[in-house]
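An overview of the molecular structure
Given next are the chains, with one letter for each unit.
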Amino acid sequence: MKKIFFLLMIGGLLFSCQLTDVLEQEPPHNLTPANAITDEKSAETALTGIYGEQIGYESYMSIGNFAMTAGILQRNDNPGVVVSIYYIENRLPELNLVSAAYLPFWNAFNTIVNSSTQLLSVVEGMNDQVFTAGRKTSMMGEIRFLRGMYLFELLRMFGEYDRLDSKYGMIIRETPPDADDVYKARSTVEQTYDFILRDLEYAIVNAPDFTSSDYASKMAARALKIKVLFYMGKYPEALEAANTFIAGGERQLVAPYSAVFTDFSNSELIYTRGFAGTDEVKYQVTRVQAYYNEGKWGPTESFVGLVTGDPREEVILKDGVGEVFGPQRTIRKAANQEGTMPTYLMRYSEIYMIKAECEARTGQGDPLATLNALRSGHGLAPVAEATDILQTIYKEWLLEMGFENGHEWYATWRMGVDQLLEMNQAVLKKMNASADPALYKANLPYNRIYPIPGDEISANKLMVQNPGYN
């Protein structure tokens, strides 16, 4: 898969929002990707390459990083090893965000965003007659979905995604840079969201119809728009869009809950990233097996207390099988025997969860009824009552959507710093041991996003660091 990407590499990967490698190579305006991408077949090859860039190190790290910082995942004990081999396993639960924890995301997601911009520029300039009817427009819809999605991922990891008035958004490039446009400042958060939504609106109209969760589609773009509005804090708009999506009936909930993670073509899936059938399987399978099958990573005491007695417990957790870490509990829903477990970037249950939380935060609708509709769709008993509906929704985010795509981390921060301290005992312990616990707590919200990598700060003279990391 990575080899296929060479065609686009020559014109796209050599420029990026991160400039570290760019400044050491031939200027992007001297490259001629249009000479390599001249017809529908070569454009499809380049697009396949962008899809391929989704598969790699980040697929399993995206599960582990967010779950560790949220306080629901930890490295299991190994009596024979005093110090963890992997530094980040000791530091992430304490929110000590070492570069190994976030640099892979920065690099990979910028690669996708900037390669998408490059390919979009090439395809837009190609003659319609070299494409089969409608394919040029639908391909541009796919490309803009991918760009919008991964710019959103960058924003929620490296920008103040939860403050529309913040100046700490992402760098936006509508077209590939030229010699006079190598350095660029960050856009505001609101400007970044506007750019993402324009891409998604285009994809909603022009992307292909849904055929598989492996590919961008109109439906996936509609679902992602709901999520983006939700993260923007535009709860009435997100609620309206969620209601429309559910009423459309394009996706169905799956019962029992375990079927969501055993049938990789089930009717819940909207957009996924998987290893099956790719060159990454051999590389990733040993890591996925070690972390989530043999038992190297497992649930924290906080999560065990939450999940114990829940009917989904045996779907979420299992006993590790490794000689070193087994039989300690590990995460069943993050791995299968073949090591091809996909990362569920979007599935239908998330739309219900967003709808329920929007109802709770706006006072519109019946959030408990929405949660129970979701549970019923999985064959689970309803929640009889909720004295604190937002707390009930928060716990459901962790049980329904935990260990998938960071839902637990962002749900925690929507509840606030006290929720983090309740769930993440490593952070609580570190705060209590600090010289000034009140100051430590006051500074914790800075850690809800990653710092901009140091190499980017050094290379891009217009880049500014996130608050709290200077």
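In case you missed it, the structure is sitting above this.
Predicted model, so just to flag it, every value in this text is computed and none were measured.

Each value, and the rule that gives it
- Residues numbered from 1 in each chain as written.
- Predicted model: local features only at pLDDT ≥ 70, side-chain atom pairs only at ≥ 80, totals over all residues.
- Heavy atoms only, no water.
- Helix = DSSP H or I, 4+ residues; strand = E, 2+ residues; numbered from the N terminus.
- Buried < 20%, exposed > 50% of the residue type's maximum accessible area, 1.4 Å probe, protein only.
- Contact = heavy atoms within 4.5 Å.
- Axes fitted to C-alpha atoms, helices over the stretch in contact; angles between N-to-C directions.
- Parallel < 35°, antiparallel > 145°, perpendicular 65-115°, else oblique.
- Left-handed = near helix turned anticlockwise from the far one by under 90°.
- Nonpolar A, V, L, I, M, F, W, Y, C, P; charged D, E, K, R; others polar.
- Phe/Tyr/Trp six-rings, centres within 6.5 Å; stacked < 30°, edge-to-face > 60°.
- Lys NZ or Arg CZ within 6 Å of the ring centre and 35° of its normal.

1. Details of the overall build of the protein
What the protein contains, in helices and strands, is 20 helices and six strands. Looking at the protein as a whole, 59% of its 470 residues are labelled buried. The long-range fraction of contacts in the protein, counting pairs at least 24 apart against all pairs at least 6 apart in sequence, stands at 72%.

2. Side note on the packing of helix α7 (residues 189-206) against helix α8 (residues 218-231)
When two helices pack together, their arrangement is given by the angle between their axes and by how far apart the axes lie. Between α7 and α8, whose axes approach to 8 Å, the crossing angle comes to 155°. Regarding the angle of α7 to α8, the classification is roughly antiparallel. The element α7 and its partner α8 pack so that their crossing is left-handed. Facing Tyr193, Ile196, Leu197, Leu200, Glu201, Ala203, Ile204, Val205 and Asn206 of α7, the residues of α8 in contact are Lys218, Ala221, Arg222, Leu224, Lys225, Val228, Leu229 and Tyr231. Looking at side-chain class alone, the contact of α7 with α8 contains twelve nonpolar, one polar and four charged residues.

3. Regarding unusual backbone geometry
In the segment running from Ala255 into Pro256, the intervening peptide bond is cis, with an omega of -5°. As for its position among the elements, Pro256 is in the loop between α9 (235-248) and β2 (269-273). One non-glycine residue, Leu95, lies in the positive phi region at around 65°. Positionally, Leu95 belongs in the loop between α4 (87-91) and α5 (99-124). The exposure class assigned to Leu95 is buried, which follows from its relative accessible area of 5%. Here Phe403, not a glycine, exhibits a phi torsion of approximately 60°, which is positive. Take Phe403: it is sitting in the loop between α15 (389-401) and α16 (407-415).

4. Remarks on the packing of aromatic side chains
The geometry of an aromatic ring pair comes down to the distance between the two centres and the angle between the two planes. If you walk through the whole model with that rule in mind, you get 23 aromatic pairs. Ring centres 5.1 Å apart and planes at 50° place the aromatic pair Phe109 and Tyr150 in the tilted group. One end of the pair, Phe109, is in helix α5; the other, Tyr150, is in helix α6 (residues 135-158), and 41 residues separate them in sequence. We note that Phe109, like Tyr150, is buried. Aromatic pair Tyr161 and Tyr410: ring centres 5.3 Å apart, planes at 85°, arrangement edge-to-face. Residue Tyr161 is found in the loop between α6 and α7, and its partner Tyr410 is found in helix α16; the two are separated by 249 residues along the sequence. A residue is classified by how much of its surface remains accessible, and Tyr161, at 5% relative accessible area, is buried. Three or more aromatic residues joined by ring pairs form one cluster here, namely Phe66, Phe152, Tyr161, Phe230, Tyr231, Tyr235, Trp397 and Tyr410. Over the aromatic face of Tyr257 sits the side chain of Arg312, whose NZ or CZ is 6.0 Å from the ring centroid.

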